[in-house]
Amino acid sequence: MGLALMLGCVGEAGTSEALEESAHEFSTAPGEANHEDVTRTALAFLKPAVLHTLVTGNVATDVKFALLNTAHFDDCNFSGGAAFVRAKQAEAVRALGPGIALLDGDALAMLAFSHSLHAVQDFYAHTNWVELGGDVLVDQSLTAFPPLRPYSAIPSTGFVVVQGAKPKGTTVVRDDDAAYPEYAVVTVRHRRTTAPGLVSGTVDYEPGDHCPPPVAMTHDELNKDKSSVPDRTEQYQAAKSLAIRQTRHEWCRLNQLVRDAWGDAGTQRLAAWVADPSSAPDCSTE
């Protein structure tokens, strides 16, 4: 409970109580606690109170940002999702600056960082990354999370971001009559070149659908949020494994961003979150 209770002292009134209530009422448990499991597995080296706060804020993202597709990488809004992650991590970095009181800054940083973790975890469950054969992380840099621009290629895989109106001379196709996972394979054709196309599922209650109609799939048709979704067990496990790896890497990214902004004083603040340095990631190799 420790650090989570500090949240009630900063930001919106009663933030701590709201987070605790959200985690209890809206947790993915008892059905399947995937965001909780991913976060706890990836960041098990943190102090229990810190990890509890990150898990609680992560789960509460589904409530606080329920209608925001950028917080979940839904509706093919990849540029918006990437911007959400960057903004939340920048918010965490600012909160760890020397101008904010230690406990207040830590609490605000944990909350913002937890929201960014929710989004990157959803990236693998809500897109066709694994159906396209993606077995590496979307990004392993230590700079700010990269922009995912419409119809640009992602360096780690060459997958092309499918978002919004197609450029001239470009077509996007998929076989919607095929069985899963084949129906989730999207191809982008531009003149004489072809590449796998990255899309995410559409959610009707979230404003803003950026998926081109020829390749659009609903969230129900594409998501890998639970191991119990029929015929998606293998893809679910792959998505969860990537989410764990990305979450662990985001800890390294946060450390580097804080170091770049505040030097050793910033990284020492993050070091105080760690319970077991021996099991923390080696961010020079992660």
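Residues numbered from 1 in each chain as written. Predicted model: local features only at pLDDT ≥ 70, side-chain atom pairs only at ≥ 80, totals over all residues. Heavy atoms only, no water.

Draft legend 1. Representation of the overall build of the chain within the structure. Check the secondary structure of the chain and you find eight helices and four strands. Taken from N to C terminus, the helices and strands of the chain fall in the order α-α-α-α-α-α-β-β-β-β-α-α. Burial statistics for the chain: of 286 residues in total, 51% are counted as buried. Long-range pairs, those at least 24 residues apart, make up 68% of the contacts in the chain with a sequence separation of at least 6. Looking at the chain as shown, the accessible area adds up to about 12500 Å², and 55% of this sits on carbon and sulfur atoms. (Helix = DSSP H or I, 4+ residues; strand = E, 2+ residues; numbered from the N terminus. Buried < 20%, exposed > 50% of the residue type's maximum accessible area, 1.4 Å probe, protein only. Contact = heavy atoms within 4.5 Å. Areas by Shrake-Rupley, 256 points an atom, 1.4 Å probe, with all protein chains shown as cover.)

Draft legend 2. Examining the pattern of salt bridges more closely. One pass over the full model with this rule turns up seven salt bridges. Residues E250 and R253 are paired through a salt bridge, measuring 2.7 Å at the closest nitrogen-oxygen approach. With E250 and R253 both in helix α8 (residues 233-271), this residue pair falls three residues apart, about one helical turn. Here the residues in one salt-bridge network are D139, E250 and R253, joined through shared partners. (Salt bridge = Lys/Arg side-chain N within 4 Å of Asp/Glu carboxyl O.)

Draft legend 3. Layout of the nonpolar core. Residues F123, Y124, W129 and L148 are the most contacted members of the largest nonpolar core, which totals 42 residues. If you list the elements that add at least two residues to this core, you get α5 (78-95), α6 (102-126), β1 (160-161), β3 (186-190), β4 (193-198) and α8. With 24 residues, the next largest nonpolar core counts F45, L51, A109 and F113 among its residues. (Core = buried A, V, L, I, M, F, W, Y, C linked by side-chain atoms within 4.5 Å.)

Draft legend 4. Just the sheet that holds β4, in detail. Across the sheet, which stays open at both edges, the four strands sit in the order β1-β4-β3-β2 with mixed pairing between neighbours. A strand with exactly one partner marks an edge of an open sheet, and here the two such strands are β1 and β2 (170-173). (Pairing = 2+ DSSP bridges.)

Draft legend 5. Region of interest: the environment of A71. Positionally, A71 belongs in the loop between α4 (48-64) and α5. Ignoring any residue separated from it by four or fewer positions in sequence, one finds A71 in contact with T61, F65, F84, H118, A119 and D122.

Draft legend 6. Summary view of the layout of surface pockets. One number sums up the size of the largest pocket: a volume of about 590 Å³. Along its surface, the largest pocket is lined by 28 residues, and H35, D62, D122, H126 and D225 are the ones closest to its centre. The set of elements that each furnish at least two residues to the lining of the largest pocket consists of α3 (34-42), α6 and α8. Broken down by element, the lining of the largest pocket gets its largest block of residues, five residues, from α6. Each residue belonging to the lining of the largest pocket can be placed in one class, and the counts come to eight nonpolar, ten polar and ten charged. (1 Å grid on protein atoms, 1.4 Å probe; cavity = no way out; pocket = protein on both sides within 12 Å on 5 of 7 lines; lining within 4 Å. Points joined across faces, edges and corners; volume = space filled by probe spheres on them. Nonpolar A, V, L, I, M, F, W, Y, C, P; charged D, E, K, R; others polar.)

Draft legend 7. Quick look at the packing of aromatic side chains. Following the criterion strictly, the structure yields eleven aromatic pairs and no others. Aromatic pair F73 and F78: ring centres 6.4 Å apart, planes at 40°, arrangement tilted. Their ring planes at 85° and their centres at 6.2 Å tell us that Y124 and W129 sit as a pair that is edge-to-face. Owing to a relative accessible area of 0%, Y124 belongs among the buried residues under this scheme. By relative accessible area, W129 is classed as buried at 0%. Grouped by ring-pair contacts, the aromatic residues F73, F78, F123, Y124, W129 and F159 constitute a single cluster. The ring of Y180 carries the charged tip of R232 above its face, separated from the ring centre by 5.1 Å. (Phe/Tyr/Trp six-rings, centres within 6.5 Å; stacked < 30°, edge-to-face > 60°. Lys NZ or Arg CZ within 6 Å of the ring centre and 35° of its normal.)

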